[in-house]
Amino acid sequence: EKKPCLAITSFDALAYDVPNGTALCAVDARHGAAYVRLYENFRPAGEAKFAAAEEFSALCEKYPVAAAYGAKGLKYLCNPAAEAKAKEAVFDTAALAPLYVRASQAEEGR
């Protein structure tokens, strides 16, 4: 039996943790840098990208920030995102794909 699948990124989970779903969603990338994506009304308003420390600091001054520093808390944030996005569930697992914001350190060293 096929089961519905729903893709929820860390950015989605963070967006659903702010009252109006409008924030710069950021995941710690270490050394003051972050992986970021802007959300407006719970929807992505730009591409996910890597922001070095200086750029991240500038973005934090411009937008309200919903941030995650470590994956432990994200599993608790997924519930509101899953409930809100349930109508977007699909039965095709091939439609699910990871969101890679940046190549791994090993790939960058090639």
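Structure's up top.
The structure contained in this document is the topic of the report that follows. (Residues numbered from 1 in each chain as written. Predicted model: local features only at pLDDT ≥ 70, side-chain atom pairs only at ≥ 80, totals over all residues. Heavy atoms only, no water.)

### Looking at the nonpolar core
Counting residues in each nonpolar core, the largest one holds 11 residues, listed as Phe11, Leu14, Ala15, Val18, Ala23, Cys25, Val27, Tyr39, Ala48, Ala66 and Ala68. Put simply, the parts of the chain that give this core at least two residues each are helix H1 (10-15), strand S1 (23-30) and strand S5 (65-68). Look past the residues within four positions of Ala15 in its chain and what remains in contact with it is Gly21, Cys25, Tyr39 and Phe42. Formed by 8 residues, the second largest nonpolar core is a distinct cluster that contains Leu24, Ala34, Leu38 and Ala51. (Core = buried A, V, L, I, M, F, W, Y, C linked by side-chain atoms within 4.5 Å. Buried < 20%, exposed > 50% of the residue type's maximum accessible area, 1.4 Å probe, protein only. Helix = DSSP H or I, 4+ residues; strand = E, 2+ residues; numbered from the N terminus. Contact = heavy atoms within 4.5 Å.)

### Brief notes about the pattern of salt bridges
Two side chains with opposite charge may pair up if their charged atoms get near one another. If you walk through the whole model with that rule in mind, you get 4 salt bridges. When the shortest N-O distance is used, the salt bridge between Lys85 and Asp12 registers 3.0 Å. Taken together, the positions of Lys85 in helix H3 (residues 74-85) and Asp12 in helix H1 put the pair 73 residues apart, joining distant regions of the chain. With a shortest N-O distance of 2.5 Å, Lys49 and Glu55 are connected by a salt bridge. Take Glu55: its relative accessible area is 33%, and that puts it in the partly exposed class. One continuous salt-bridge network, built from bridges that share partners, spans Asp12, Arg43, Lys85 and Glu88. (Salt bridge = Lys/Arg side-chain N within 4 Å of Asp/Glu carboxyl O.)

### Structural notes on the pairing of S5
Side-chain alternation along S5 places Ala66 and Ala68 on a buried face and Val65 and Ala67 on a face that remains uncovered. Here 4 bridges tie S1 to S5, and the two strands are oriented parallel to one another. Looking at S5, one finds that Cys25 is bridged to Ala66. (Pairing = 2+ DSSP bridges.)

### What to know about unusual backbone geometry
At Arg30, a residue that is not glycine, the phi angle is positive and equals roughly 75°. Turning to its location among the elements, Arg30 is positioned in strand S1. Positive phi is not limited to glycine here, since Phe42 has a value of about 70°. Relative to the helices and strands, Phe42 is located in the loop between strand S2 (33-40) and strand S3 (43-44).

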